Amino acid sequence: MFLSRSLRSRYWRFAALCLGGLFAGVPSRVCAQAAASPSAPTATEDPQEIDQTWQKASAKYDEARAALVKEVVRGGQNGPFRPDWESLQKYEVPEWYKDAKFGIFIHWGVYSVPAFGSEWYPRDMYREGSDEYKHHLATYGPQDKFGYKDFVPMFKAERFDPVAWARLFKEAGAKYVVPVAEHHDGFAMYDSGLSDWTAAKMGPHRDVIGELSKAVRAEGLHFGASSHRVEHNFFLGVGRQITSDINDPKYAAFYGPAHYWMEARQGTPLSSDFTFVSSAWTADWLARSSEIVEKYHPDIMYFDWWIGQASVRTDLTRFAAFYYNTSLKYGDHVGVINYKDYAIQEHSAVLDLERGQLGEIRPLYWQTDTSVSNKSWGYIQNDTFKTPQFVVQQMIDIVSKNGNLLLNIGPRSDGTIPEEVQAVLRDVGSWLKVNGEAIYGTRPWKMYGEGPTKVAAGSFHDTDTAGYSAEDFRFTTKGNTLYAMELGWPAGGEAVIHSLGSSATNPLKIGLVFLLGWDARLAFEQKSDGLHIQMPAHSPGNYAYVFRILPAGVAP
């Protein structure tokens, strides 16, 4: 019987354990057979051997992968950017992105089939003792008999309508759309020439990203792509600790190296992460990232946090230079890279805060990504959702501090968007139709706002902020116009903006005040303690109320 090096190693290790009496009463022949099973645990195997198994399983694409890496190297030398941080820090965020303010993020993939727990179901279904592990056993059976790969044929996307999606996103007031091209699970939602495990070749048998890019651009929106491929290096490593199909070399091309994740302590930079990462893996990540750029010409490339892992950083500079230089060939503006935490030198790309906000204006442009759903980024059953008011008020706060909001949705496995999500998007869009001039194309004022409510700053705190009141205002500007957005309807028929009082430092002399959605000018008085505005008898809308304020001498 022929066994691979990995399986031979597994066979003799378990045979030795049996012969040593650690499995008392079990014949060594039975133990050795179990050890040679392709589903037997492999957590103690040498990481280099594990990586070699993945490399061999992916070898059919070595030539294509190498060709793409050469293109990256060439592209990184042909243009204004070079693959080093000194050059990359000269990057400037394009004006269209600063003007856009609002985008849609999409987490959709095989994980929407089980629709349980979160989009991390592919990992947690192998994590012994987790709710996902127990659910999987009860619903689908043991992980060596029914693994994550077995969900792929069930992911059919039979009702996916990219044109309807794009129309909904435009109705919501979004200016750009960023679907996840590949999540941590390793299943590409695009027509990759580097993998068999793609939506174009399995499951839906459609180039989801390609179809959506055409539909989104047809609506006049910008198109981006998100890649979480680099995290796949460790994502399924927990499956090596149990009897599961993760251990079977037959599926290594899909499941990846699945190394043990030696994660950094929470809150520390990823330079403190010591997970095994081979140069073959970073080259694969570089090739796949560049493939997305060359096939779909995205205006944005969003990356999750792990691109900051020390082993990835050299290839990260190569990608950034290649992408920025290449994007200039496809349009009149440089592309945008979104990064988290400390992954990229801060002047070289756009910082993204996951489910979080900032407490003050950040001079460098930034973005929040959060989800309409509260429990998961991908679709799960029995999720709960943010209200339109929450989304609108969060957007206002972010924009006042020089940022964008990227709002995520999770479609069902059949390609339909949950009705609750559609309702939220349409309500946000209705608000923006009336008040969008205070959002789109604006820039921060000298202060972001005033009022008693302060946001809980930092990642993963976006639902920790107390409710806003009519005393809370946020400011933006456009030309000579100042916009003051009141986050509640004032009682007593009067709004008071203290920052615009006549006794303020360098006070702004007010000439005219309008309320968006209301036809008539508003009466006001600029007193020492603030700008006192007489309000209509009833509000013209919901969620937040926008004053267009013109300085004295400026015509309406």
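It should be emphasised that the depicted structure is a prediction, and the values quoted were computed from it without experimental measurement. (Residues numbered from 1 in each chain as written. Predicted model: local features only at pLDDT ≥ 70, side-chain atom pairs only at ≥ 80, totals over all residues. Heavy atoms only, no water.)

### A closer look at the side chain of glutamate 291
Alright, step 1. Locating glutamate 291 in the fold gives a position in helix 13 (residues 279-296).
Alright, step 2. By relative accessible area, glutamate 291 is classed as buried at 5%.
Alright, step 3. For glutamate 291, the residues in contact, after removing those within four places along its chain, are Leu68, Tyr190, Asp191, Ser192, Gly193 and Leu194. (Helix = DSSP H or I, 4+ residues; strand = E, 2+ residues; numbered from the N terminus. Buried < 20%, exposed > 50% of the residue type's maximum accessible area, 1.4 Å probe, protein only. Contact = heavy atoms within 4.5 Å.)

### A closer look at the sheet that holds strand 7 (residues 366-371)
Two strands in a sheet stick together by hydrogen bonds in their backbones, pointing the same way (parallel) or opposite ways (antiparallel).
Alright, step 1. If you trace the 8 strands once around the closed barrel, you get 1-2-3-4-5-6-7-8, paired in parallel fashion. Ignoring which end each strand starts from, the neighbouring axes of this sheet average 25 degrees apart.
Alright, step 2. Here strand 1 (residues 102-106) pairs with strand 8 (residues 403-409) via 5 bridges, running parallel. Residue isoleucine 104 lies in a different strand from strand 8, and its bridge partner there is leucine 407.
Alright, step 3. Contacting strand 2 (176-182), strand 3 (222-227) and strand 4 (300-303), helix 13 crosses the sheet at an angle of about 150 degrees to strand 4. (Pairing = 2+ DSSP bridges. Axes fitted to C-alpha atoms, helices over the stretch in contact; angles between N-to-C directions.)

### A look at helix 4 (residues 62-75)
Alright, step 1. With 14 residues, helix 4 should reach 20 Å at 1.5 Å per residue; the first-to-last C-alpha distance of 20 Å fits that figure.
Alright, step 2. Among the residues of helix 4, those classed as buried are Arg65, Leu68, Val72 and Gly75. Around the axis of helix 4, the buried residues are gathered within 90 degrees of arc, so they sit on the same side. Away from the buried face of helix 4 by more than 90 degrees, exposed residues Glu63 and Lys70 are located.
Alright, step 3. As for helix 4, its buried residues are in contact with helix 13 and helix 14 (313-330). (Expected span 1.5 Å × (residues − 1). Arc of directions from axis to C-beta.)

### What about the environment of tyrosine 140?
Alright, step 1. As for its placement among the helices and strands, tyrosine 140 is situated in the loop between helix 8 (131-139) and helix 9 (162-171).
Alright, step 2. A relative accessible area of 24% places tyrosine 140 in the partly exposed class.
Alright, step 3. The spacing of tyrosine 140 and phenylalanine 390 is 250 residues in sequence and 37 Å in space, taken between C-alpha atoms.
Alright, step 4. The contacts of tyrosine 140, once residues within four sequence positions are left out, are Pro114, Tyr121, His135, Phe146 and Phe151.

### Some remarks on the environment of leucine 522
Alright, step 1. If you trace the backbone, leucine 522 turns up in the loop between strand 13 (510-515) and strand 14 (524-527).
Alright, step 2. By relative accessible area, which is 8% here, leucine 522 ends up buried.
Alright, step 3. Sequence separation of leucine 522 and glutamine 534 is 12 residues, and the distance between their C-alpha atoms is 6.3 Å.
Alright, step 4. With sequence-adjacent residues up to four places away left out, leucine 522 is seen in contact with Val513, Phe514, Leu515, Ile533, Gln534, Pro536 and Phe547.

### Section: the packing of helix 4 against helix 14
Packed helix pairs are specified by the crossing angle of their axes together with the interaxial distance, meaning the distance between the axes.
Alright, step 1. Where helix 4 contacts helix 14, the two axes come as close as 8 Å, and the packing angle between them is 70 degrees. Taken together, the axes of helix 4 and helix 14 lie roughly perpendicular to each other. Between helix 4 and helix 14, the residues in contact are Glu71, Val72 and Gly75 and Arg318, Phe319, Ala321, Phe322 and Asn325, respectively.
Alright, step 2. Partitioned by chemical class, the residues of the contact of helix 4 with helix 14 number 4 nonpolar, 2 polar and 2 charged. (Parallel < 35°, antiparallel > 145°, perpendicular 65-115°, else oblique. Nonpolar A, V, L, I, M, F, W, Y, C, P; charged D, E, K, R; others polar.)

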